[in-house]
Amino acid sequence: MSNILSGMSGFSRNVGLDLNQNPSRGEGRIDSWRNPIRLLMVWDERLRFRAQLAQMAEHAPEVGLSQAQVDAEISKPFWRG
């Protein structure tokens, strides 16, 4: 049970980060809870980016990424920035 609560706490913290940062700084974050559509769009963008990164993983050294960096990014849940 504590693992579930711990996971929910992390989820809640990351959603809070997404919603409280200023998008004008180019961070892809949302500035308030009043825009749940934007939150869903950010999450969708992360899912797509990580899927593309997973497909291109064998080219990671060509763009200056290690395999460990690629693996760390694609293993993140969609709500983690």
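Criteria and cut-off values
- Once a new chain begins, its residue numbering starts again from 1 and follows that chain's sequence as written.
- The predicted nature of this model means local features are confined to residues of pLDDT at least 70 and side-chain atom pairs, given and counted, to a pLDDT of 80 or more, with totals for whole chains, interfaces and linings taken over all residues.
- No hydrogens and no water enter the side-chain calculation; it runs on all heavy atoms of the structure.
- Helix and strand labels come from DSSP, where a helix needs a run of H or I of at least four residues and a strand needs a run of E of at least two; each type is numbered from the N terminus.
- Each residue is assigned to one of three classes by its accessible area relative to the maximum for its type, calculated with a 1.4 Å probe on protein chains only: buried under 20%, partly exposed between the two thresholds, exposed over 50%.
- We call two residues in contact when some of their heavy atoms are within 4.5 Å.
- Accessible surface area values rest on a Shrake-Rupley calculation with a 1.4 Å probe, where residue burial reflects the displayed protein chains alone.
- Between the first and last residue of a helix there are one fewer steps than residues, each counted as 1.5 Å, and that sum is the expected span.
- Note that the arc is computed from the directions linking the helix axis to the C-beta atoms.
- What qualifies as a polar contact is a pair of N or O atoms within 3.5 Å, subject to a donor-acceptor requirement within protein and to the restriction that residues adjacent in sequence count only when both atoms come from side chains.

Student: Account for the overall build of the chain, with residues named and values stated.
Tutor: For the chain, the count of helices and strands is three helices and zero strands. Going from the N terminus to the C terminus, the chain shows its helices and strands as α-α-α. Out of the 81 residues in the chain, the part that is buried amounts to 23%. Put simply, 43% of the contacts in the chain that link residues at least 6 apart link residues at least 24 apart. Carbon and sulfur atoms form 58% of the exposed surface of the chain, whose accessible area is close to 5,900 Å².

Student: Describe helix 2 (residues 36-55), listing the residues and the values that go with them.
Tutor: Along its 20 residues, helix 2 runs 29 Å from first to last C-alpha, staying within 8% of the 28 Å computed at 1.5 Å per residue. Regarding helix 2, the residues found buried are Leu39, Val42, Trp43, Arg46, Arg50 and Leu53. Summarising the axial view, the buried residues of helix 2 lie within an arc of 95°, below the 170-degree limit, and thus occupy one face. Of the residues in helix 2, the exposed ones pointing more than 90 degrees away from the buried face are Ile37, Glu45, Arg48 and Gln55.

Student: Provide a residue-level description of the side chain of arginine 50, including the pertinent values.
Tutor: Mapped onto the elements, arginine 50 comes out in helix 2. Polar side-chain contacts of arginine 50 include one of 2.6 Å to the backbone oxygen of arginine 80. Excluding residues within four positions of it along the chain, arginine 50 makes contact with Glu73, Ile74, Lys76, Pro77, Phe78, Arg80 and Gly81.

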